[in-house]
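Descriptive analysis of the structure
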Amino acid sequence: AQKVTQAQTEISVVEKEDVTLDCVYETRDTTYYLFWYKQPPSGELVFLIRRNSFDEQNEISGRYSWNFQKSTSSFNFTITASQVVDSAVYFCALSEANTGFQKLVFGTGTRLLVSP
Amino acid sequence: EPEVTQTPSHQVTQMGQEVILRCVPISNHLYFYWYRQILGQKVEFLVSFYNNEISEKSEIFDDQFSVERPDGSNFTLKIRSTKLEDSAMYFCASSPQRGLNTDTQYFGPGTRLTVL
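Rules used in this analysis
- Counting of residues starts from 1 at the beginning of each chain's written sequence and follows it residue by residue.
- Here chains are named by letter from A upward and ligands by number from 1 upward, in the order in which they appear as written.
- Two thresholds apply to this predicted model, a pLDDT of at least 70 for residue-level local features and 80 or more for giving and counting side-chain atom pairs, whereas whole-chain, interface and lining totals are computed over all residues.
- By convention in this description, side-chain values take in all heavy atoms of the structure and omit both hydrogens and water.
- Note on definitions: a residue-residue contact is assigned when non-hydrogen atoms from the two residues lie within 4.5 Å.
- Any Lys or Arg side-chain nitrogen found within 4 Å of a carboxyl oxygen on Asp or Glu counts as a salt bridge.
- Counting of polar contacts relies on pairs of N or O atoms within 3.5 Å, with two restrictions inside protein: one atom must be capable of donating a hydrogen and the other of accepting it, and residues adjacent in sequence are counted only when both atoms are side-chain atoms.
- Helix and strand assignments follow DSSP, with helices taken as H or I runs no shorter than four residues and strands as E runs no shorter than two, numbered in order from the N terminus.
- Lys, Arg, Asp and Glu make up the charged group, whereas Ala, Val, Leu, Ile, Met, Phe, Trp, Tyr, Cys and Pro make up the nonpolar group; the residues left over, Gly among them, are polar.
- A pair of strands is considered paired only if DSSP assigns at least 2 bridges between the two.
- Interaxial angle, 0 to 180 degrees, is taken between N-to-C directions of lines fitted to C-alpha atoms, where a helix line uses only the stretch in contact.
- Any two cysteine sulfur atoms within 2.5 Å of one another count as a disulfide.
- When accessible area is computed with a 1.4 Å probe and restricted to protein chains, residues below 20% of their type maximum are described as buried, those above 50% as exposed, and intermediate ones as partly exposed.
- Centres within 6.5 Å are what make two rings of Phe, Tyr or Trp a pair, Trp counting through its six-membered ring; a difference in plane orientation under 30 degrees is then read as stacked, over 60 as edge-to-face, and the rest as tilted.

Points about the interface of chain B and chain A
Listed by partner, the interface residues are 23 residues for chain B and 22 residues for chain A. Linking chain B with chain A are 0 salt bridges. Joining chain B to chain A, the criterion identifies 6 residue pairs in polar contact (both at pLDDT 80 or more). When contributions to the side of chain B that touches chain A are tallied by element, the ones reaching two or more residues are β4 (31–37), β5 (43–50), β6 (53–57) and β10 (106–107) of chain B. The residue makeup of the side of chain B that touches chain A, split by class, is 9 nonpolar, 10 polar and 4 charged.

Below is the structure:
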């Protein structure tokens, strides 16, 4: 069964702090994608990153970095030097080869509040 | 940058009425999706659509729901007889192609459906 768990419901930080959002996934498939999406207060879903199951290299994009560890089934997201504009709900998601990658299974999201 | 668009942004309807939510996917994309997000909850997959037919659907997508690509650009979700519990944000998404390294779903801004 496929499942994504984001145990942190809400995190509050002060601007310039680093923050890590946790994501743990479950899948029986050996071939899958993991994603992070951002949902700002305006409501849209903004794609941040996709990772395939064969690529465990960590990735950095500006202030964002992602740590993918198959051994712990985790795909954590770190924002360095957070800014007020980072305030949003962040969703981790999974798609599997056995569904033809046709459906994203989302976690419940982590609300990040960055205060000035 | 091309993006998925959705209309209307907000739809209010009476219980039992039919609604049609409209989406214009990114023009060279081949796969289309609908998701919904009940207020404050996670995003849930409804249906995927490829080559003018449904390729995958969830248990939520019952006989009250239907999808259509009436022309070369629009993709619609119809709810035949709305219920109070259909109140949610409905997201349309599209992706360019299947494949381990290319599949990413891009989401529209959503339509907020309120059933009274």
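Concerning the sheet that holds strand β1 (residues 5–7) of chain B
All names here are of chain B. As summarised here, the arrangement of the 4 strands in space is β1-β3-β8-β7, forming an open sheet in which the pairing is antiparallel. In this open sheet, the two edge strands, each paired with only one partner strand, are β1 and β7 (65–68). On average, adjacent strands in this sheet sit at an angle of 20 degrees to one another, irrespective of strand direction. As paired strands, β7 and strand β8 (residues 75–79) are joined by 4 bridges and run antiparallel to one another.

Focus on the state of the cysteines
Under the criterion given, the structure shown has 2 disulfides over all chains. Across the disulfide, A:Cys23 is cross-linked to A:Cys92 (sulfur-sulfur distance 2.0 Å). Because the torsion about its S-S bond is -65 degrees, the bridge between A:Cys23 and A:Cys92 counts as left-handed. Taken together, the residues A:Cys23 in the loop between β3 (19–21) and β4 (24–26) and A:Cys92 in strand β10 (residues 88–96) connect sequence positions 69 residues apart. Residues A:Cys23 and A:Cys92 agree in their burial class; the two are buried. A sulfur-sulfur distance of 1.9 Å marks the disulfide that ties B:Cys23 to B:Cys92. Judged by the torsion about the S-S bond (-65 degrees), the B:Cys23/B:Cys92 disulfide is left-handed. Note that B:Cys23 is positioned in strand β3 (residues 19–24) and B:Cys92 in strand β9 (residues 88–95), a separation of 69 residues in sequence. In this structure, B:Cys23 and B:Cys92 share a single accessibility class: buried.

Considering unusual backbone geometry
Most peptide bonds adopt trans geometry, and most residues besides glycine take a negative phi value. A cis amide bond, omega -10 degrees, links B:Thr7 with the succeeding residue B:Pro8. Structurally, B:Pro8 can be placed in the loop between β1 and β2 (10–13). A positive phi angle, near 50 degrees, is found at A:Ser73, a position not held by glycine. Structurally, A:Ser73 is set in the loop between β8 (64–69) and β9 (74–79). In this model, A:Phe101 sits at a positive phi of 55 degrees, which is unusual for a non-glycine residue. Secondary-structure assignment places A:Phe101 in the loop between β10 and β11 (105–106). Residue classification places A:Phe101 among the buried residues on the basis of a relative accessible area of 9%.

What to know about the packing of aromatic side chains
All names here are of chain B. Within the structure shown, the criterion is met by 27 aromatic pairs over all chains. Aromatic pair Phe32 and Phe75: ring centres 5.5 Å apart, planes at 40 degrees, arrangement tilted. Of this pair, Phe32 sits in strand β4 while Phe75 is found in strand β8, placing the two residues 43 residues apart along the sequence. Each member of the pair, Phe32 as well as Phe75, is classed as buried.

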